[in-house]
Amino acid sequence: MKAAVIGAGWAGLAAAVALREAGAKVTVFEAGHTPGGRARRVFHGEFDTPLDNGQHLLSGAYRHTLALMRRVGRNPDALLMRRPLRLASLDGRFRLSAPRLPAPLHLAVAVLGARGLSWSDRLGMLRLMRGLKAMSWAPPREWTVLQLLRHYAQSDTLIRQLWDPLCLAALNTPTAQASAGLYARVLRDSLGGRREASDLLLPCTDLSALWPDAAARHLTMRYGSTVRQLQPSQDGVVVNQERFDAAVLAVPPAFAARLLDAPLREAGAGGLLDALKSFDYLPIATLNLRLAGPWRLPEPMMMLREDPARGHLGQWLFDRARLVGDDKTGELAVVASAAVGVAERNRQPVIEALIDQVAEQAARHPARLPPLPEIRAAELFIEKRATFAAVPGLTRPLNTTPWRALALAGDWTDTGYPGVLEGAVMSGLAAARTLNPRAA
């Protein structure tokens, strides 16, 4: 099989790896020059190590991603810092830490020993998890996350301390708009799964080096190649006037809709075209900071408290220097999900407000952290279309199309997951199987 993959993001590369292993000759078309898509390496002259276009976090539940890393010769144990579930706020007022005990005992001990929550809130957390399990982790399709939380009488404090940040991290959508069904799936596979599934996996290298680079080395890559023509049929696909036996279209849905507009109309598949055009998107902002000297956090990843009125919009803080094993410098990443307010403002005030948020909350930590060192460099990345808005009732396309020679791939396809890295990998593997059942 001569196969084309359009898009070198995590979904496209997963499809390409699976097709190549099944014996196909694979060519990957990528408009950019770095593999990884929306989770890729970027360079900045004022930083000593490569950055990412957005700080990402994996979990122990990402079994497809971890297996794919091993398939392309990358060792997750060496490239990812694995830590038991531990959520701790930078100001020291909240902590949820799971011990290395069998599930579900590890979660019960974590909840009962949580800092910063009343006993009523701790019991409320257990009530929510029991309730979700009783409904087979499938709340009504039309429910938002906030409706789910209210149904199980979660307090405002508990929502603000825990459920809001977790929802933004997993779905990049505020609880008042986010799908309860997708949130329940994430909770089922992490907090409600095996103990190892709730582990946090923090990348110790840039996201392209994690595995996309290794995958690309075994493929025919055409960087800087924007696909402007796509003509599918039942026995092949023409890509930029070159014929292939099959193709995977692994690009954002709006771009897929533009490429397939005429073919889908001719095929009478207006429903799929409408689905591709129905997505809304939300941004994620990541502020990278290079400090004048080392500054170690109590944890490599910590929670931040939001105060939108003051521009304190970050939810998570990462000690990047610690992750890459650099003891001589200080480097941080501040992440703001669903960052509509960030994307609409001038960058310098946003940067200053986020730095103030970190410094102020660090000063409150009971361990008396040293003052934040001088900022030597600051780079704010805003991925304006980081993920689709994970709202209730959203119709997401399958991997199949009206043509057996063309498959769709992307975290936006109907994976059952929100727009996360594991969903992208799952979709790519499924798209490969659609074209060749031997593709694993």
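Keep in mind that this is a model prediction, so the values were computed, not measured.

A few words now on the overall build of the protein. Helix and strand counts for the protein stand at 16 helices and 20 strands. A globule of 440 residues ought to have a C-alpha radius of gyration of about 22 Å, and the protein, at 22 Å, matches this closely. Evaluated residue by residue, the protein yields a buried proportion of 58% over its 440 residues. Put simply, 70% of the contacts in the protein that link residues at least 6 apart link residues at least 24 apart. Only carbon and sulfur atoms are counted for the fraction: they give 50% of the accessible area of the protein, which is about 17,900 Å². Distance from the positive charge centre (53 side chains) to the negative charge centre (40 side chains) of the protein: 5 Å.

As a further point, take the pairing of strand β11 (residues 230–233). Only one face of β11 is covered, namely the one carrying Leu-230 and Pro-232; the face carrying Gln-231 and Ser-233 has none of its residues buried. Summarising the sheet, β11 and strand β12 (residues 236–239) pair through 4 bridges and their orientation is antiparallel. Its bridge partner lying in β12, Pro-232 is registered against Val-237. Counted along the chain from β11 to the antiparallel partner β12, the turn is 2 residues long.

So, about the sheet that holds strand β1 (residues 2–6). Spatial ordering of the open sheet is given by β10-β2-β1-β14-β20, a layout of 5 strands whose pairing is parallel. Looking at which strands have only one partner, the edges of the open sheet turn out to be β10 (220–223) and β20 (406–408). Geometrically, the sheet is characterised by an average inter-axis angle of 15 degrees between neighbouring strands, direction not taken into account. Where β1 and strand β14 (residues 246–249) come together, 4 bridges link them in parallel fashion. When the bridges of β14 are listed, Ala-3 appears paired with Ala-246. Lying over the sheet, helix α16 (residues 421–435) contacts β14 and β20, oriented at roughly 165 degrees with respect to β20.

Read from one edge to the other, the open sheet built from 5 strands follows the order β16-β17-β18-β15-β19, with strand pairing classed as antiparallel. At either margin of the open sheet sits one strand with a lone partner, and together these are β16 (301–303) and β19 (375–388). On average, each strand axis in the sheet is inclined to that of its neighbour by 20 degrees, with strand direction left out of account. As paired strands, strand β15 (residues 281–291) and β19 are joined by 10 bridges and run antiparallel to one another. The residue bridging Ile-284 from the neighbouring strand is Glu-383, located in β19.

Let us now look at the nonpolar core. Ranked by size, the top nonpolar core spans 76 residues in total, and within it Leu-87, Leu-162, Trp-163, Val-239 and Leu-249 carry the most contacts. Among the elements that make up this core, the one with the highest residue count is helix α7 (residues 156–171) (8 residues). Those residues in contact with Leu-162 that lie beyond four places of it in its chain are Leu-87, Phe-94, Leu-96 and Met-125. Judged by nonpolar contacts, the second largest core, of 49 residues, contains Leu-207, Trp-211, Leu-219 and Ala-409.

This brings us to the environment of Lys-328. Here Lys-328 shows up in the loop between α13 (320–323) and β18 (330–336). By relative accessible area, which is 74% here, Lys-328 ends up exposed. Residues Lys-328 and Glu-21, 307 residues apart in the sequence, show an inter-C-alpha distance of 42 Å. Ignoring anything within four residues of it in the chain, the contact list for Lys-328 reads Pro-294 and Arg-296.

Enumeration over the complete set of coordinates arrives at 25 salt bridges. Arg-71 is paired through a salt bridge with Glu-21; the nearest N and O atoms lie 2.6 Å apart. Residue Arg-71 is found in helix α2 (residues 63–71), and its partner Glu-21 is found in helix α1 (residues 10–21); the two are separated by 50 residues along the sequence. Overall, the relative accessible area of 43% leaves Glu-21 in the partly exposed class. For Arg-265, the salt bridge goes to Asp-261, with nearest N and O atoms at 2.7 Å. Note that Arg-265 and Asp-261 are positioned in helix α11 (residues 253–266) at a spacing of 4 residues, about one turn of the helix.

Scoring rules and cut-offs
Residues numbered from 1 in each chain as written. Predicted model: local features only at pLDDT ≥ 70, side-chain atom pairs only at ≥ 80, totals over all residues. Heavy atoms only, no water. Helix = DSSP H or I, 4+ residues; strand = E, 2+ residues; numbered from the N terminus. Rg over C-alpha atoms; globule rule 2.2 N^0.38 Å. Buried < 20%, exposed > 50% of the residue type's maximum accessible area, 1.4 Å probe, protein only. Contact = heavy atoms within 4.5 Å. Areas by Shrake-Rupley, 256 points an atom, 1.4 Å probe, with all protein chains shown as cover. Lys, Arg positive; Asp, Glu negative; His and termini not counted. Charge placed at Lys NZ, Arg CZ, Asp CG, Glu CD. Pairing = 2+ DSSP bridges. Axes fitted to C-alpha atoms, helices over the stretch in contact; angles between N-to-C directions. Core = buried A, V, L, I, M, F, W, Y, C linked by side-chain atoms within 4.5 Å. Salt bridge = Lys/Arg side-chain N within 4 Å of Asp/Glu carboxyl O.

Don't take any of this as a statement about function, it's just geometry.
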